[in-house]
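Chain by chain, the residues run as shown.
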Amino acid sequence: MTRQKPHVQLCSVSKVFGKVIAVNDVTLDIDNTEFFALLGPSGCGKTTTLRLIAGLERPTKGRIFIAGRDVTDLPPQERDVGMVFQDYALYPHMTLFENIAYPLRIRKMPPKQIAARVHEVASHLLIDDLLARLPSQVSGGQQQRAAVARALVHAPKVFLFDEPLSNLDAKLRLEARAFLKHLQKELGVTTIYVTHDQAEAMAMADRIGVMFEGRIIQVGTPLELYRFPNSKEVAAFLGNPPMNILPGCFKRSSNGCEFVGSVFSILFENLQFEEGDVYLGFRPEHAKVVNAPSKFSIPARLHTIQPLGSEFLLTLEVGRDTISVRMFSEEEPKFVGKVWLELDVNKIYIFDKEGKRIFP
Amino acid sequence: MRVKARKWGYKLFIVLFSLFILFFFVLPLLWLLTAPFDTKATLRVSLPSTFTFNNFRTIFANAFAIRALFNSIVIAGGTMVGVTLFATLAAYAVSRLKIRGRDILTYLLVLFSSVVQGTAAMVPIFLLLYRLKLVDTHLGVIFVLVGGLLPTGIFLMRDFVESIPRSYEESALVSGAKPAQVLRHVVVPVLRPGIMVLAVWSFVQAWGDFLISLIVIRSPTKMPAPIAIYSFYTEGGTPVLTLVSAYALIYALPVVGLYLFVNWRFGFRFFGGIKGSGR
Amino acid sequence: MERPRLYLMRERTFSILPRSIGLAFLTPAVLFISIFLLFPLVWVIVISFTNTALTGPGAANPSFVGIANYAKLFIPTRWLRPGEFGNALRNTLLFVLGSAILGQVPLGLSIALAFHRRKGLLRELVFSAATIAWILPGVAVAFAWIAFLDRDFGTLNTILGFLGIPRIDWYFSYPLYAIIFFNIWRGTAFSMLLFSAALGNIPPSFWETADVLGASAWQRFRTIIFPLIRPSVFTALILVTLWTFNVFTPYLITGGGPLFRSETIPMYTYRIAFKFFEFGRGAAIAVLMMTINFVLATIYLFMQKRRRII
């Protein structure tokens, strides 16, 4: 299958602020019409990367390409991107109409055309009847949509979103998520979306780039990242509650390799690994809590049961470690004190001591 | 019950104290409200024996007096324009440019402007204006006032500028605006309250200036109001109270008007810190 | 694409303000401040070591006289005589102590406390009256006070008369007290507004906790409020001191008299420099004045940087 030339490209881009390396040798290829999320904890460099693409920062090293054009030396005005800021940046002294029309006004579009275009975009975003109001006179969700309208009114080549939903309350956030995803699919514009919320990234993106301490540590579709995380960091970051990680070590044995944890061990038949410290990982939905021991069960002690409505979240202590298990049941499980944990052995991961995945 | 009595006693004390303070501040000013309307004005504060507007008519008929008021407007207005314009530009640049040690620099400047104030700088300023051939000019007075007010003005403005999120300007840049357009379309409109505060403050400071005009202005036609008022004296050297009081009132009224305006628009308060220098 | 080494390039940004335009914005302000503030600062120090004057030998060819100008200010036998520097210095110290430290600041604090968390007409009237007293042009208030203090017709004596106190000739008998009184009236608004803002920054829960604990007003002030507004107290003290030190307006009321009994250093400087046109001597006084100012201002900055609360 021939890949199309990437629409947005970062080649070995780095950005240094004084002594701090905010973005460390990042290379990314983002395809046309793709919804690409940059995901990572606070301070990992994702916002800086976005600002580099926008032109608000200049890379210390590396080149940036948009639609085949080298934009590294171009100021933001000439890059033809649309950006939505975390605080929306709606000008308080202009009405929503004037805010949205601003990019067109700068491009000296004739007023009649501006009006037509603004109304078109605003009705698409369901704020057409609010155009005469000031930003302070509309709700947070409406402000957010006005900011989106302004970003797309001049039909840019790329949309850039910097955590646009973080100022909305939880319910609005879910609505906005679906709305934005649908909008993006409809308009078909390449979108780069920065967030620290892994559920948001998973729900909305075609592909996710996970960043950690200035580097891209994995790129892939949401499911790829979820099922095949390359590292402990990625594994623990995606999924809520996060993957359970237990420390232990590998020991060679006669017919394979044995993972030795604090209170249990697992034999991997016919597999050979280096001996040494490793981590075992499994997701909370891939384990079961039972009252009686069975062939592959691990002793544990129940800590808490949290009823979440659609499921129950159990916290257990296994040896010195704490793990979570999601349980889907209609009735409240009746566990007390000593219990047994059953792992789905087809769904476990092993990470070496640097955090790199070595199994499966 | 004891607590209640104490509370009421306390409240009464506060009311009496407040009334006392109110009288304290108002009393000395009463003369300015009675004497100008009296044909036979004395230094006494009393309801005018013969109420009249004649004093004001005399002043408005006096070309010299009107000219002096006009001179004051020129000086205060020029200073206002200079301080507002330059301080805003400078504050914006200081805030958005990455200058090393700009905090220390600002503090140092404010320090210097409070050190070099009043009569301390008079001698070199006079000699300086003499060399620049600006003695006895309004421009000279304006320049000196602007130079003296700028540090505090920049200090005032910087707070306003810092409170504008950088995302406003960045969003304008991404929308395609050049820096000058960003300033014109986004920054200045959002800064408007701060600019107004700065304009009013610098106008009031310059309007009340006495010392610099006294030293720099020599010709009677150029004298501003606070100097001109001393011409309403008899040959014997005593002030003509009807005219002096009326003129002082006219001279004071714009400041009162500006205060009422600022108070109505913004509320005259210090927002949790020092904003503004004074006498 | 080869892997270039990570080295530091000169950081250039397109952001918000290109450097050239930013510097252009700064230029007018820098120009004005340099010419009309910094340059005089340096020049006055230079002049103080010369015998520059408008008339006489110093006019045509000013020459370097070392510290003679300074020495003349401190001649031990004549120093404290009326009309000399020592006299002006003493008057100024009393003036600052009386009107700033013991006057404006405590009074401003008292008013702020009295009206804290109270709204209403009385508050608006008091605050407006104090503020107007502060911002009215100096010449106008000077004439108002000349009338106020007059021995025969002045309002002050009339009021005192109601209380049974005989008429006082303020100008002749107590000129220094008169200008202290005037300056308190003039400048209290600043402290009042400053403390009002500072008190307003104290979370209401602090006041309520004190009430619940049953503390008296004085205890509450001493143990809770005062520590919280200490930075403002320092700010007020130093700024008001600086301004009072430099204020010239009382000259318009007493002229520094009679016989220099109410002459402060600013008035003394003015007299030497612009009545006698002895610029060199005037500059020396100015330098001394600025040195004192500078010390005070540095103390202020030092205190401000050390104590930041909330």
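A quick note: this is a predicted structure, and the numbers were derived from the prediction, not measured. (Residues numbered from 1 in each chain as written. Chains lettered and ligands numbered in written order. Predicted model: local features only at pLDDT ≥ 70, side-chain atom pairs only at ≥ 80, totals over all residues.)

1. Observations regarding the overall build of chain A
At step 1: Of the regular secondary structure elements, chain A holds 8 helices and 21 strands.
At step 2: Principal-axis analysis of the C-alpha atoms places the extent of chain A at approximately 80 × 50 × 45 Å.
At step 3: For chain A, with 360 residues in total, the buried portion stands at 40%.
At step 4: Residue pairs in contact within chain A that sit at least 24 positions apart in sequence constitute 64% of those at least 6 positions apart. (Helix = DSSP H or I, 4+ residues; strand = E, 2+ residues; numbered from the N terminus. Buried ≥ 20, exposed ≤ 12 C-beta atoms within 10 Å, placed from the backbone. Contact = placed C-beta atoms within 7 Å.)

2. Observations regarding the interface of chain A and chain B
At step 1: With 16 residues of chain A at the interface, the matching set in chain B holds 15 residues.
At step 2: Elements with a minimum of two residues in the side of chain A that touches chain B: β6 (81-84) and α2 (96-106) of chain A.
At step 3: Looking at the side of chain A that touches chain B, the element that brings in the most residues is α2 of chain A, giving 3 residues.
At step 4: Its residues placed into classes, the side of chain A that touches chain B shows 12 nonpolar, 2 polar and 2 charged. (Nonpolar A, V, L, I, M, F, W, Y, C, P; charged D, E, K, R; others polar.)

3. Section: the domain arrangement of chain A
Residue and element names in this part refer to chain A.
At step 1: Segmentation of chain A into domains returns domain 1 (8-237) and domain 2 (244-359).
At step 2: Relative to domain 2, the C-alpha centre of domain 1 lies at a distance of 39 Å.
At step 3: Each partner contributes to the interface: domain 1 provides 7 residues, whereas domain 2 provides 8 residues.
At step 4: Broken down by class, the residue content of the side of domain 1 that touches domain 2 amounts to 3 nonpolar, 2 polar and 2 charged. (Domains from an automatic or database assignment.)

4. Comments concerning the pairing of strand β3 (residues 35-39) of chain A
Residues and elements named next belong to chain A.
At step 1: In terms of burial, β3 is a largely internal element, 5 of the 5 residues being buried.
At step 2: Residues Phe35, Ala37 and Leu39 line one face of β3 and the alternating positions Phe36 and Leu38 line the opposite face, and both faces are buried.
At step 3: For β3 and strand β8 (residues 190-195), the ladder comprises 5 bridges, and the chain directions are parallel. Note that in β8 the partner of Phe35 across the bridge is Thr191.
At step 4: Here β3 runs beside strand β9 (residues 207-212); their pairing, made up of 4 bridges, is parallel. If you follow Leu39 over to β9, its bridge partner there is Val210. (Pairing = 2+ DSSP bridges.)

5. Comments concerning the nonpolar core
Side chains that are nonpolar tend, in soluble globular proteins, to be buried together.
At step 1: By size, the foremost hydrophobic cluster in this structure holds 272 residues, and its most contacted members are Ala90, Tyr247 and Ala248 of chain B.
At step 2: Those residues in contact with Ala90 of chain B that sit more than four places away from it in its chain are Ile154 of chain B together with Phe25, Leu26 and Ala29 of chain C. (Core = buried A, V, L, I, M, F, W, Y, C linked by C-beta atoms within 7 Å.)

6. Overview of the pairing of strand β10 (residues 215-220) of chain A
Within a regular strand, the side chains alternate between the two sheet faces.
At step 1: Summarising the sheet, β9 of chain A and β10 of chain A pair through 5 bridges and their orientation is antiparallel. Following the sheet pairing, Val210 of chain A is matched in β10 of chain A by Gln218 of chain A.

7. With respect to the interface of chain C and chain B
At step 1: Of the residues lining the interface, 77 residues belong to chain C; the matching set on chain B comes to 82 residues.
At step 2: Tallying contributions element by element places helix α1 (residues 19-47) of chain C first for the side of chain C that touches chain B, with 19 residues.
At step 3: Across the side of chain C that touches chain B, the residue classes tally to 62 nonpolar, 12 polar and 3 charged.

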